[in-house]
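Each chain, letter by letter, is given below.
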Amino acid sequence: MEEYDSPWKEALDLLLEPFIEFFFPDIHPRIDWSRGYEALDAELEQIIKEAEFGKRLADKLYRVWTMEGTEVWVLIHIEIQAQRDDSLPQRMFVYHYRIFDLHHKPIANLALLADEQGHWRPTEYRHELWGSELSLVFRTAKLLDWQGRDDELEQMPNPLGLIVLAHLKTRATRRDSGARRTGSSASSAACTNAAMMRSACATSTG
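Residue positions are counted from 1 within each chain, in the order its sequence is given. Note on the predicted model: pLDDT of at least 70 is required for a residue's local features to be given, and 80 or more for side-chain atom pairs to be given and counted; whole-chain, interface and lining totals, by contrast, use all residues. Calculation of side-chain values draws on the structure's entire complement of heavy atoms; hydrogens and water are dropped beforehand.

**Q** I'm lost on the nonpolar core in this one. Help?
**A** It is characteristic of soluble globular proteins that their nonpolar side chains tend to be buried jointly. Throughout this description, the term nonpolar core refers to a set of buried Ala, Val, Leu, Ile, Met, Phe, Trp, Tyr and Cys residues connected via side-chain atoms within 4.5 Å. Only protein chains enter the calculation, and the probe is 1.4 Å; a residue is then buried if its accessible area is under 20% of its type maximum, exposed if over 50%, and partly exposed in between. Counting residues in each nonpolar core, the largest one holds 31 residues, and the members touching the most others are Trp 8, Phe 19, Phe 23, Ile 76 and Val 164. The way it works is that DSSP assigns letters per residue, a run of H or I at least four long becomes a helix, a run of E at least two long becomes a strand, and they are numbered from the N terminus. Secondary structure elements with two or more residues in this core: helix 1 (2-14), helix 2 (16-23), strand 2 (60-65), strand 3 (71-79), strand 4 (107-113) and helix 6 (160-180). Ile 47, Leu 88, Ile 107 and Leu 113 belong to the second-largest nonpolar core, a separate cluster that totals 20 residues.

**Q** Got a minute to help me understand the pattern of salt bridges in this structure?
**A** Once the charged atoms of two side chains with opposite charge are near each other, the side chains can pair. Whenever Lys or Arg places a side-chain nitrogen within 4 Å of a carboxyl oxygen from Asp or Glu, that contact is recorded as a salt bridge. Using the criterion set out here, one finds 13 salt bridges in the structure. With a closest N to O distance of 2.9 Å, Asp 26 and Arg 139 form a salt bridge. Taken as a pair, Asp 26 in the loop between helix 2 and strand 1 (38-39) and Arg 139 in strand 7 (residues 139-142) lie far apart in primary sequence, 113 residues in all. Of the residues examined, Asp 26 reaches a relative accessible area of 36% and is grouped as partly exposed. A salt bridge links Glu 71 to Arg 63; its shortest N-O distance comes to 2.7 Å. Take Glu 71: its relative accessible area is 22%, and that puts it in the partly exposed class.

**Q** Honestly, the sheet that holds strand 2 in this entry has me stumped. Any pointers?
**A** Backbone hydrogen bonds are what pair the strands of a sheet, in a parallel or an antiparallel way. For two strands to pair, DSSP has to find at least two bridges joining them. The mixed open sheet is built from five strands, whose spatial order is 1-2-3-4-7. Since the sheet does not close on itself, it has two edges, and those belong to strand 1 and strand 7, each with one partner. Pairing geometry for strand 4 and strand 7, over four bridges, is parallel. Of the residues in strand 7, the one forming a bridge with Ala 111 is Thr 140. Contacts between residues were defined by any pair of non-hydrogen atoms, one from each residue, lying within 4.5 Å. Axis lines are fitted through C-alpha atoms, for helices just across the contact stretch, and the angle between N-to-C directions can take any value from 0 to 180 degrees. In the packing of helix 2 onto the sheet, contacts are made with strand 2, strand 3, strand 4 and strand 7, and the angle to strand 3 comes to roughly 70°. This element, helix 4 (residues 88-103), spans strand 2, strand 3 and strand 4 of the sheet and lies at about 155° to strand 3.

**Q** What should I look at first to understand the side chain of Asp 59 in this one?
**A** You can see Asp 59 is positioned in the loop between helix 3 (41-50) and strand 2. For the purposes of these results, a polar contact is taken to be a pair of N or O atoms within 3.5 Å, where, inside protein, one atom must be able to donate a hydrogen and its partner to accept one; residues adjacent in sequence count only when each atom of the pair is a side-chain atom. Of note is the side chain of Asp 59, whose polar atom sits 2.3 Å from the side chain of His 77. In this structure Asp 59 touches Leu 44, Ile 48, Ile 76, His 77, Ile 78 and Tyr 95, once residues within four positions along its chain are discounted.

**Q** For this particular structure, what's the right way to read helix 4?
**A** The α-helix winds at 3.6 residues per turn, so residues separated by three or four positions along the chain end up facing the same way. The terminal C-alpha atoms of helix 4, which comprises 16 residues, lie 22 Å apart, in line with the 22 Å expected from a rise of 1.5 Å per residue. One or two residues past the end of helix 4 sits His 104, with phi positive at roughly 55°. To estimate how far a helix should reach, multiply one less than its number of residues by 1.5 Å.

**Q** Can you help me understand helix 2 in this one?
**A** Burial of helix 2 is extensive: six of the eight residues sit out of reach of the surface. For helix 2, every residue scored as buried is listed here: Leu 16, Pro 18, Phe 19, Ile 20, Phe 22 and Phe 23.

**Q** How should I be thinking about the packing of aromatic side chains in this particular structure?
**A** What describes a pair of aromatic rings is the distance from one ring centre to the other and the angle between the planes of the rings. Planes of paired rings set the category: under 30 degrees apart is stacked, over 60 is edge-to-face and the rest tilted, where pairs are Phe, Tyr or Trp rings (Trp by its six-membered ring) whose centres lie within 6.5 Å. This structure, assessed with the given rule, holds seven aromatic pairs. Taking 4.7 Å as the distance between ring centres and 35° as the angle between the ring planes, the aromatic pair formed by Phe 22 and Trp 146 counts as tilted. Taken together, the residues Phe 22 in helix 2 and Trp 146 in the loop between strand 7 and helix 5 (150-155) connect sequence positions 124 residues apart. Feature note: the residues Phe 19, Phe 22, Phe 23 and Trp 146 constitute an aromatic cluster, connected by ring pairs. Note on geometry: a ring has a charge over it if NZ (lysine) or CZ (arginine) is within 6 Å of the ring centre and within 35 degrees of the ring normal. The ring of Trp 146 has Arg 149 lying over it, and the distance from NZ or CZ to the ring centre is 3.8 Å.

What follows is the structure, given as structure tokens:
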């Protein structure tokens, strides 16, 4: 998974504003980007270490400011696996309440899904017992929605277009490797597309 995880993590660190604009355009104007943003890796590492889900390479936590000047935190989870992960809603909930318990900050919870099941779009974790109820609603975006839109992605001024395109091509390479490629050539193509993702980051920040 690391060939997928690492480029996405780099993209988030370098291109948080384009990422939000691309996948969650309604949120973008609510953030005061002139104040920048700060990655809270140490804070998130503490949360993950205490949880029971293991290391999540593509999970990121950022400090941003609203247009009204309020400090808020944004938790971004990228589910890189091709298969759906039914533990995702619970994991989003656990991260949310642990962050809030330790730091008492407003948190926006966003997830980017890379699985290939178009109908799977979780948005909520809910727990209920005897009239007592606890829930967390979170936002999701789906890479699958951009499949087959190569020309549109290539022509986008937003650098996330090329990054999404590279990821989708890597997925296609993986799917086709059994029928038309050897394992080594599929791996080589995946590495090439991961390099494309890194190149898009470097170009946009150069």
